[in-house]
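Per-entry structural report
Each chain, letter by letter, is given below.
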Amino acid sequence: MRPSSRPSQRTARDVSRREFLRTGILGSASLAALGSSACAWEQLSTWAQLSASAQDSDFVPAIVIGSGFGGAVAALRLGQAGISTLVLERGRRWDIRADGNTFATFERPDGRAYWLRDVPVDGVLGLPQLEKPIDRYVGVLEVVVGNGIFVGAGAGVGGGSLVFNAIIVKPRRELFERIFPREIDFGEMEDVYYPRVKGIIGSAPIPDDILATEYYRSSRVSLDQARTAGFPTRPVDLAIDWDIVRDEIGGLRVPSAIAGQSFYGLNSGAKRSLDHNYLAMAEATGRVEILPLHNVVAIEQGHGDRYAVTALRISDGGDVVGTPRRLTCKYLFLAAGSIGTTSLLVRARATRALPALNDHVGRHWAANGDIPVTRGALPLTNAGTGGPAGHFIMEDLDNPLGPTSLVELVLPPHIAAALSLAGAPPHFANYASLGIPPAIGSFSYDAATNVVALNWPGTDPRVANFLAAAKGTLAVLDRSNGSLTLSFNPFVSAHPLGGAVLGKVCDLDGRVEHHRGLYVVDGALIEGSTGLANPSFTIAALAERSMDHILAEDHLRDQPV
Ligand SMILES: Cc1cc2nc3c(=O)[nH]c(=O)nc-3n(C[C@H](O)[C@H](O)[C@H](O)COP(=O)(O)OP(=O)(O)OC[C@H]3O[C@@H](n4cnc5c(N)ncnc54)[C@H](O)[C@@H]3O)c2cc1C
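In this report, we go over the structure that sits alongside the text. (Residues numbered from 1 in each chain as written. Predicted model: local features only at pLDDT ≥ 70, side-chain atom pairs only at ≥ 80, totals over all residues. Heavy atoms only, no water.)

**Concerning the overall build of the chain**
From N to C terminus, the chain includes 16 helices and 22 strands. Sorting the 561 residues of the chain into buried and exposed places 62% on the buried side. When contacts within the chain are restricted to residue pairs at least 6 apart in sequence, long-range pairs at least 24 apart make up 76% of them. Accessible area of the chain: about 20000 Å², with a carbon and sulfur share of 52%. (Helix = DSSP H or I, 4+ residues; strand = E, 2+ residues; numbered from the N terminus. Buried < 20%, exposed > 50% of the residue type's maximum accessible area, 1.4 Å probe, protein only. Contact = heavy atoms within 4.5 Å. Areas by Shrake-Rupley, 256 points an atom, 1.4 Å probe, with all protein chains shown as cover.)

**Quick look at the site of the ligand**
In the region of the ligand, 37 residues are neighbours, and Glu89, Arg90, Ile167, Val296 and Ser536 sit closest. In the model, a nitrogen atom of the ligand is placed 2.8 Å from a nitrogen or oxygen of the Val296 main chain. One of the side-chain nitrogen or oxygen atoms of Ser536 is found 2.6 Å away from an oxygen atom of the ligand. When the ligand is considered free in solution it has 990 Å² of accessible area, and contact with the protein chains removes 94% of it. For the shell around the ligand, the secondary structure elements donating two or more residues are helix 5 (69-80), strand 4 (150-154), helix 6 (160-163), strand 9 (294-301) and helix 16 (536-553). (Near = heavy atom within 4 Å. Polar contact = N/O pair within 3.5 Å; in protein donor to acceptor, adjacent residues only side chain to side chain.)

**Some points on the environment of Asp396**
With respect to the helices and strands, Asp396 occurs in strand 14 (residues 389-396). Along the backbone, Asp396 and Ala470 are 74 residues apart, and their C-alpha atoms lie at a distance of 9.1 Å. Residues contacting Asp396, with those up to four places away along its chain left out, are Phe231, Gly402, Pro403, Thr404 and Thr473. Here the side chain of Asp396 touches Thr473 through a polar contact of 2.7 Å, side chain to side chain.

**Some thoughts on the sheet that holds strand 14**
To summarise the sheet geometry, strands pair through backbone hydrogen bonds and adopt either a parallel or an antiparallel arrangement. Taken in spatial order, the six strands make up an open sheet running 6-14-15-16-13-19, and their pairing is antiparallel. Edge positions in the sheet fall to strand 6 (233-235) and strand 19 (484-488), since each has one partner strand and no second. Averaged over all pairs of adjacent strands, the angle between strand axes in this sheet comes to 30°, irrespective of strand direction. When strand 15 (residues 404-409) meets strand 16 (residues 429-434), the two strands line up antiparallel, connected through five bridges. From the neighbouring strand, Val407 faces strand 16, where its bridge partner is Ala432. Most of the contacts of helix 15 (residues 461-481) go to strand 13 (residues 371-376), to which it runs at about 15°, and overall it touches strand 13, strand 14, strand 15, strand 16 and strand 19. (Pairing = 2+ DSSP bridges. Axes fitted to C-alpha atoms, helices over the stretch in contact; angles between N-to-C directions.)

**Observations concerning the sheet that holds strand 20 (residues 492-493)**
Strand order in this open sheet of three strands is 3-4-20, and the pairing throughout is mixed. Only two strands of the sheet have a single partner each, and these edge strands are strand 3 (141-145) and strand 20. Here strand 3 pairs with strand 4 via five bridges, running antiparallel. Note that in strand 4 the partner of Val143 across the bridge is Gly152.

**Overview of unusual backbone geometry**
Omega for the peptide link from Gly387 to Pro388 comes to 0°, which places this bond in the cis form. Assignment of secondary structure puts Pro388 in the loop between strand 13 and strand 14. Phi is positive for Ala377, close to 60°, though the residue is something other than glycine. On the secondary structure map, Ala377 appears in the loop between strand 13 and strand 14. A residue is classified by how much of its surface remains accessible, and Ala377, at 27% relative accessible area, is partly exposed.

The structure is reproduced here in structure tokens:
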């Protein structure tokens, strides 16, 4: 099945050098040419059609939709509590292969890089060799094309942990308390839940011997520059097995982290993605089964106190295989990520499959103020090496327009090459700029197409302040160091948050209001920001907190009726 209409194609060649330098690595104008990611099955199916054709399947006590940070935590804790649990995951498994060829690389993207796309997003670079089509495949990185924003999200067993830059960082207390309801006690998060997640994922700061190598020069340069600008810095943990990185350096594993790879996956196996820890532990309980390549398209109230879930089995190419599967459960945990979970809820409310959902569903969304930034004219950085991310976060907490942070990311080698070709001043570094945006994004449902769309009012005056704050921080950094910000693109983000938020759609443990047994455990719970920190750590820690409370108070039972 194919989407009914294809957008007009604007090739990377059409992107002028000037425009490229202005919009940068993921230029919004160019991305628009790359097409909508609305799923074919969303467009072609209505709930009624699916429901009618669905094969009635077995009852399972608990279903978790999605296997990212929230889903992996929920699965493990349900399994340990003795609750038989099925995890439905749209993507495939990504077991590390001995030949070092599990994932695509930045230099040679193929279908494995993207979730059901025909061209890599890198086509915006204006390099003809990057324009070649890729096979449509259930690859690791989804690019959701919203109205006013492009959002990256992980797809596969492990969710966002497959594609993430492995940065594990918690917010400062004062920012956490500014954003989260005061009943969610930062002290408890810090004492109990963040350490619990860190212990299981096994994240750790970059060891000094690795930081001192040539590969991580850009990280050291960025740290110096932050200090020169007078910004406080603190180290971040990375979900990386540093011994494997040492093996890469020693030639015993395929160069992957050191070769500047990151969000298509690390072929050396250095990334501690959730399939290696939380999900493996969940399966080891003997109570949890993960079903990959099962795309959930609808949820509804079933008979009695059950929920019904309709899933399509899909092939590696994304085609639907067989008839839809309809499963019922007593406890339904939504963990399809902010966009996935919210889309399911918005559609369920609109189609009256879950008519009691309140008006806050599909609102209070933002992307963590996450803006990709590229800087140039730095001292020698050795750009294109030293992945998957920098080792520290710099914070501009006294910014008069609002607090902003910058965390260094890897600069993919072919992008460094493209920047040089385009005549950018040499010696680059890449960052995620993080701020606190107003959570004014929303989701809308089109009954004619059955599509849920994400809307981000990027030109709303309420957004201007946080953008100005981010630019202010970069201006101080550049002024103090004689460097240049080459790219600042507020229309691209990788940190979707909100849509079913705490205290509005759900209670403070993720229980959906008026829906006993229905829970949200992922980034949809968080109102647009995790307080200048990359979100995965907070999502997982909050899920741990929710599961503690749910298992202690809701008396979940592993029974068929
Ligand atoms: C390129 C990139 C780099 C990033 N780097 C970092 C970083 O370094 N540090 C950090 O903290 N954060 C990072 N993030 C953000 C981080 O990945 C997310 O915040 C986090 O993964 C969200 O967790 P989640 O549990 O909400 O959902 P996810 O981890 O996104 O998991 C959702 C899961 O649900 C599945 N799913 C979705 N819809 C359906 C459906 N209908 N049926 C079945 N399954 C479904 C998805 O395939 C996915 O596996 C990055 C994101 C991207 C895209």
